[in-house]
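Structural characterization, general
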Amino acid sequence: MSIKTGAIKEMRERTGLGMMDCKRALEETNGDIDLAIEHLRKKSALSAAKKSSRVAAEGRVAISVSDDKKQASLVEINSETDFVARDENFVSLADSVVKEILEKNISFIDSLGEGIEKRVRELTQKVGEKIDIRRLVNWSSENKIFSYVHTNSKIGVLVDISNADDDSVGLDIALQIAASAPQVLNSSDISQETVEKEKSIILAQAQEAGKTGIALEKIVEGRLKKFISEIALHNQAFVKEPSISVETYCKQKNITINKFVRYEVGEGIDKRVVDFATEVYEATKGL
């Protein structure tokens, strides 16, 4: 029978298994998700369905760049604890996955293939934690792609730059992005909705502080300008020389930043926080 994409997605979210594993299991059970999970557990392909309720918000990023810097890949792989993320088996998995993404020119999570999914599944069973390949990018460019991975492997950056003959210049920009976490390249890339939302917040805060008239207008204008300078890369103060902007630095070096991506492990994930007493209670409940 034909299995709907929505059923595969739901099963992936509930089990943490790969797309093909979920699809095959659903085909064998005529699309019944609960029966498919039970079937996988009987086959030992799934050690425990309850792992799916855990939050994998730790982990690491990994990067692979071709020798000519014309192609580069970045991946975030998550685990439940930092302890597992630092394990040599997890590190090896991340490195091998990102290299395969580069070599096979993979652009989507659903295209990772059975080989990678099998390695993720095996490590999940070995360490007893949910392991998840959360996101990836794979770029090809006529320009040079520069990269940076922070020492803790929690932040990774790729940046595509034209005319960057000096690799140290490319690294400077990558470090800037890692340190300052811009959201967009230019201020013109910020949506009007985002600007208006921030403006309303600033206005409310200033009014709460009792500001009115011209003073209120100047406060809103100044804080809004600061907000834009923080999230737009070109408007940011250059980390190595704060007296100039990144845009000015680019002009001085005659380079053009075309695009960038910055991954920080766990960003956007709601981490489950449970105190020790609650955790003990949940573990012993019903015994």
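One structure accompanies this document, and this report is about it.

Cut-offs applied
- Position labels on residues start from 1 in each chain and follow its written sequence.
- Residue-level local features of this predicted model are given only where pLDDT is at least 70; pairs of side-chain atoms are given and counted only at 80 or more, and the full residue set underlies all totals for whole chains, interfaces and linings.
- The side-chain figures draw on all heavy atoms in the structure; neither hydrogens nor water molecules are used.
- Secondary structure is summarised from DSSP: a helix means a run of H or I of at least four residues, a strand means a run of E of at least two, and numbering begins at the N terminus for each.
- Exposure categories follow from relative accessible area, calculated using a 1.4 Å probe and restricted to protein chains: below 20% of the type maximum is buried, above 50% is exposed, and the middle band is partly exposed.
- A contact between two residues is defined here by any heavy atoms of the two lying within 4.5 Å.
- Each accessible area is a Shrake-Rupley result for a 1.4 Å probe, and residues are judged covered by the shown protein chains and nothing else.
- Axis angles are defined between N-to-C directions and span 0 to 180 degrees, where every axis is a line fitted to C-alpha atoms and, for a helix, only to the segment in contact.
- Every angle not falling under 35 degrees, over 145, or within 65 to 115 is termed oblique; those three ranges are roughly parallel, roughly antiparallel and roughly perpendicular.
- Gly is put with the polar residues, along with every residue not named as nonpolar or charged; the nonpolar set is Ala, Val, Leu, Ile, Met, Phe, Trp, Tyr, Cys and Pro, and the charged set is Asp, Glu, Lys and Arg.
- Only the six-membered ring of Trp is used, alongside the rings of Phe and Tyr, when aromatic pairs are assigned; centres must lie within 6.5 Å, and planes under 30 degrees apart are stacked while those over 60 apart are edge-to-face, with the rest tilted.
- The criterion is that NZ of a Lys, or CZ of an Arg, lies within 6 Å of the ring centre and within 35 degrees of the ring normal, and then a charge sits over that ring.
- Polar contacts here mean pairs of N or O atoms no more than 3.5 Å apart (in protein, one a potential hydrogen donor and the other a potential acceptor; neighbouring residues in sequence count only if both atoms are side-chain atoms).
- The arc refers to the directions leading from the helix axis to the C-beta atoms.
- In this text, buried Ala, Val, Leu, Ile, Met, Phe, Trp, Tyr and Cys residues form a nonpolar core when linked through side-chain atoms within 4.5 Å.
- Salt bridges are counted wherever a side-chain nitrogen of Lys or Arg sits within 4 Å of a carboxyl oxygen of Asp or Glu.

Concerning the overall build of the protein chain
- Helix and strand counts for the protein chain come out as eleven helices and eight strands.
- Within the span of the protein chain, comprising 287 residues, buried residues form 42% of the whole.
- At a minimum sequence separation of 6, the contacts of the protein chain that also span at least 24 residues come to 64%.
- Of the roughly 16,100 Å² of accessible surface on the protein chain, 48% is carried by carbon and sulfur atoms.

Details of the environment of Asp34
- As for its placement among the helices and strands, Asp34 is situated in helix H3 (residues 33-42).
- Judged by relative accessible area, which is 48%, Asp34 ranks as partly exposed.

Here we look at unusual backbone geometry
- In this structure, Ser153 takes a positive phi of about 60 degrees despite not being glycine.
- Position of Ser153 relative to the elements: it lies in the loop between strand S4 (144-149) and strand S5 (155-162).
- What makes Ser153 buried here is its relative accessible area of 10%.
- The phi dihedral of Asn254 falls on the positive side, at around 60 degrees, and the residue is not glycine.
- With respect to the secondary-structure elements, Asn254 resides in the loop between helix H10 (246-253) and strand S8 (256-264).
- Overall, Asn254 belongs to the exposed group, its relative accessible area being 56%.

Some remarks on the packing of helix H5 (residues 88-103) against helix H6 (residues 114-127)
- Two numbers describe how H5 lies on H6: the axes approach to 11 Å, and their chain directions differ by 170 degrees. One element, H5, and the other, H6, form an angle in the roughly antiparallel class. Contacts from Asn89, Phe90, Leu93, Ser96, Val97 and Glu100 of H5 reach H6 at Ile116, Arg119, Val120, Leu123 and Lys126.
- Split into classes, the residues belonging to the contact of H5 with H6 amount to six nonpolar, two polar and three charged.

Quick notes on the packing of aromatic side chains
- Summed over the entire model, instances satisfying the criterion amount to one aromatic pair.
- Aromatic pair Phe238 and Tyr249: ring centres 4.1 Å apart, planes at 20 degrees, arrangement stacked. Of the two residues, Phe238 sits in strand S6 (residues 237-238) while Tyr249 sits in helix H10, which places them eleven residues apart along the sequence.
- A residue is classified by how much of its surface remains accessible, and Tyr249, at 5% relative accessible area, is buried.
- A cation sits over an aromatic face here: Arg135 above Tyr263, 4.0 Å from the ring centre.

What about the side chain of Ser141?
- Take Ser141: it is sitting in the loop between strand S3 (132-140) and S4.
- Polar side-chain contacts of Ser141 include one of 2.6 Å to the side chain of Asp160.
- Beyond its immediate stretch of four places on either side in the chain, Ser141 contacts Lys70 and Asp160.

Side note on helix H2 (residues 19-28)
- Within the span of H2, buried status applies to Asp21, Cys22, Ala25 and Leu26. End-on view of H2: buried residues confined to an arc of 125 degrees, all on one side of the axis.
- Looking one or two residues beyond H2, the residue adopting positive phi is Asn30, at roughly 55 degrees.

Some words on the nonpolar core
- One finds Val159, Ile173 and Ile257 to be the most contacted residues of the largest nonpolar core, which totals 22 residues.
- Where this core is concerned, the elements lending two or more residues are S4, S5, helix H7 (167-180), H10 and S8.
- Beyond its immediate stretch of four places on either side in the chain, Val159 contacts Trp139, Lys144, Ile145, Phe146, Gly170, Ile173, Ala174, Ile177, Ile257, Lys259 and Phe260.
- In terms of nonpolar packing, the next biggest core, distinct from the first, is built from 20 residues, Val75, Ala94, Ile101 and Leu136 among them.

Quick notes on the pattern of salt bridges
- With the rule as written, the count across this model stands at 16 salt bridges.
- Residue Arg134 pairs with Glu76 through a salt bridge whose shortest N-O separation is 3.4 Å. Here Arg134, found in strand S3, pairs with Glu76, found in strand S2 (residues 71-79); they are 58 residues apart in sequence, far enough to count as distant.
- For Arg134, a relative accessible area of 27% corresponds to the partly exposed category.
- For Glu76, a relative accessible area of 0% corresponds to the buried category.
- With a closest N to O distance of 3.1 Å, Glu100 and Arg119 form a salt bridge. One end of the pair, Glu100, is in helix H5; the other, Arg119, is in helix H6, and 19 residues separate them in sequence.
- Of the residues examined, Glu100 reaches a relative accessible area of 13% and is grouped as buried.
- Judged by its relative accessible area of 28%, Arg119 is partly exposed.
- Through salt bridges with shared partners, one network takes in Glu58, Asp82, Arg86 and Lys154.

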